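Survey of secondary and tertiary structure
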Protein chains: 2
Amino acid sequence: MRYSYQREIILDIVRSTKTHPTAEWIHNKAQKKIKAISLGTVYRNLGLLENLGKIQTVKDNNVVRYDCNIEPHNHLKCKICDTLIDIPVANEAMKKNVKSKYNFDVDDINITFIGTCSKHN
Amino acid sequence: MRYSYQREIILDIVRSTKTHPTAEWIHNKAQKKIKAISLGTVYRNLGLLENLGKIQTVKDNNVVRYDCNIEPHNHLKCKICDTLIDIPVANEAMKKNVKSKYNFDVDDINITFIGTCSKHN
DNA sequence: TAATAAATAGTAATCATTCCTAATAAATAA
DNA sequence: TTATTTATTAGGAATGATTACTATTTATTA
Ligand SMILES: [Mn+2]
Ligand SMILES: [Mn+2]
Ligand SMILES: [Zn+2]
Ligand SMILES: [Zn+2]
């Protein structure tokens, strides 16, 4: 894979925040550094960075959010401010349970707890 | 809310299957009973039926699937045949754990186990 | 039966994402 | 360094699921 300044900037931006930003948010930030960067370039490079294992994606409703935390983890989603909060996950027991009960081989577990975060007490 | 034959047919169709169908699939089925039924009518009535608590929705990638099982439950998703399999969920312990660790009030938990179902042994 | 307004059919609009293509630029060889 | 090659980009069009709009139809009530 060839070097690209656009890709470098995009990775920097994803790594600069824990807010699980969308492609559009990343595009807006990137335009401050590269005025003519296109949204297509942002999407393409986010996809490449995901394939390289340098970032993760999180599906949130009907949008994809990007995550610089590449550890396996899950999220708390606040229905008031839409924040996604990282939480660790211990899932080996769950996987074994599902395998024995349903004969279903689990590769990945998506868990989102939806509710109200501590900001809204 | 006024009676509508379209709504009756749509509810019948959702209740006729455990396959978690999409709006388009439901629309195709409905057209066999009502030739001119529109996709908009299908979407509107599915929304109404969800508000009435007669059906549930499941977000699957970038499509919404409809579910006649209105018990709280979660799903196994097979990455080979895309089947969604209902599983019961015991979540009170999880909710309490998240509340004490993160001061986050959980209303709902979405869990999807992604992997390979028993058809593909 | 007539009046009222909810529901519908058909179509246009929306929005996130992907696709397409001529132009640009990174990597390599001469 | 300069020329060649081809990956990458910018910009715009296309896609696909869902929602919005509106004239017409139809369930309900008087
Ligand atoms: Mn995260
Ligand atoms: Mn289900
Ligand atoms: Zn919040
Ligand atoms: Zn399967």
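Residues numbered from 1 in each chain as written. Chains lettered and ligands numbered in written order. Predicted model: local features only at pLDDT ≥ 70, side-chain atom pairs only at ≥ 80, totals over all residues. Heavy atoms only, no water.

1. What about unusual backbone geometry?
Residues and elements named next belong to chain A. Positioned with a positive phi, H20 is a non-glycine residue whose angle comes to about 55 degrees. Mapped onto the elements of the fold, H20 is located in the loop between α1 (5-15) and α2 (23-33). Its relative accessible area of 2% is what places H20 among the buried residues. (Helix = DSSP H or I, 4+ residues; strand = E, 2+ residues; numbered from the N terminus. Buried < 20%, exposed > 50% of the residue type's maximum accessible area, 1.4 Å probe, protein only.)

2. Here we look at the coordination of the zinc ion (ligand 4)
All names here are of chain B. Binding of the zinc ion (ligand 4) to the protein goes through C78 (SG), C81 (SG), C117 (SG) and H120 (NE2), at separations of 2.0 to 2.4 Å. One can describe the site at the zinc ion (ligand 4) as tetrahedral: its four donor atoms subtend angles covering 104 to 114 degrees at the metal. Along the chain, the residues donating to the zinc ion (ligand 4) are arranged with the sequence spacing C-x2-C-x35-C-x2-H. Of this pair, C81 sits in the loop between β3 (74-78) and β4 (84-87) while H120 sits in the segment after β5 (105-116), and the two are 39 residues apart along the sequence. (Donors = N, O, S within 2.8 Å, 3.2 Å for Na, K, Ca; no water. Tetrahedral: all angles 85-135°; square planar, octahedral: opposite > 155°, others 65-115°.)

3. Regarding the interface of chain A and chain B
Opposite the 30 residues of chain A that make contact, chain B presents 30 residues. Of the roughly 2,500 Å² buried between chain A and chain B, counting both surfaces, carbon and sulfur atoms make up 59%. On the chain A side of the contact with chain B, Y102, F104 and F113 of chain A bury the most area, a combined 25% of that side's loss. Linking chain A with chain B are two salt bridges, by the criterion used here. Here chain A and chain B share 12 residue pairs in polar contact (both at pLDDT 80 or more) between them. (Contact = heavy atoms within 4.5 Å. Buried area = accessible area lost by both parts, 1.4 Å probe. Salt bridge = Lys/Arg side-chain N within 4 Å of Asp/Glu carboxyl O. Polar contact = N/O pair within 3.5 Å; in protein donor to acceptor, adjacent residues only side chain to side chain.)

4. Quick notes on the domain arrangement of chain A
Residues and elements named next belong to chain A. The domain boundaries assigned to chain A delineate domain 1 (5-67) and domain 2 (73-120). Using C-alpha coordinates to define each centre, domain 1 is positioned 23 Å away from domain 2. The partner domain 2 presents five residues to the eight residues of domain 1 that form the contact. Overall, the association of domain 1 and domain 2 removes approximately 490 Å² of surface from exposure, summing both partners, and the carbon and sulfur fraction of that is 47%. Among the residues of domain 1 in contact with domain 2, H20, V58 and D60 are the three that bury the most area, contributing 63% of the side total. For the interface between domain 1 and domain 2, the tally reads one salt bridge. Measuring nitrogen to oxygen at the nearest pair gives 2.6 Å for the salt bridge that ties D60 to K77. (Domains from an automatic or database assignment.)

5. As for the layout of surface pockets
If a probe the size of a water molecule is rolled over the atoms, the empty space left behind becomes visible. When its volume is computed, the largest pocket comes out at roughly 1,600 Å³. Of all the secondary-structure elements, those providing two or more residues to the lining of the largest pocket are β1 (56-60), β3 (74-78) and β5 (105-116) of chain A together with β1 (56-60), β3 and β5 of chain B. Along the lines of polarity and charge, the residues of the lining of the largest pocket split into 15 nonpolar, 18 polar and 16 charged. Contributing to the lining of the second largest pocket are 13 residues, with N97 of chain A together with I87, P88, V89 and A90 of chain B lying nearest its centre. (1 Å grid on protein atoms, 1.4 Å probe; cavity = no way out; pocket = protein on both sides within 12 Å on 5 of 7 lines; lining within 4 Å. Points joined across faces, edges and corners; volume = space filled by probe spheres on them. Nonpolar A, V, L, I, M, F, W, Y, C, P; charged D, E, K, R; others polar.)

6. Re the pairing of strand β4 (residues 84-87) of chain A
Residues and elements named next belong to chain A. As paired elements, β3 and β4 share four bridges and run antiparallel to each other. Looking at the pairing, H75 lines up with D86 of β4. Following β3, the chain reverses through five residues before pairing antiparallel with β4; D82 in that reversal takes a positive phi of roughly 65 degrees. (Pairing = 2+ DSSP bridges.)

7. Some details on the protein's contact with DNA strand C
Neighbouring residues of DNA strand C: 19 residues in total, closest Y43 of chain A together with R2, S4, T41 and R44 of chain B. Among the atoms of DNA strand C close to the protein, meaning within 4 Å, 72% are from sugar or phosphate groups. One of the side-chain nitrogen or oxygen atoms of N45 of chain B is found 3.2 Å away from a phosphate oxygen of DNA strand C. Mapped onto the surface near DNA strand C, the elements with two or more residues apiece are α3 (39-51) and β2 (63-67) of chain A together with α1 (5-15) and α3 (39-51) of chain B. Across the surface near DNA strand C, the residue classes break down as eight nonpolar, six polar and five charged. (Near = heavy atom within 4 Å.)

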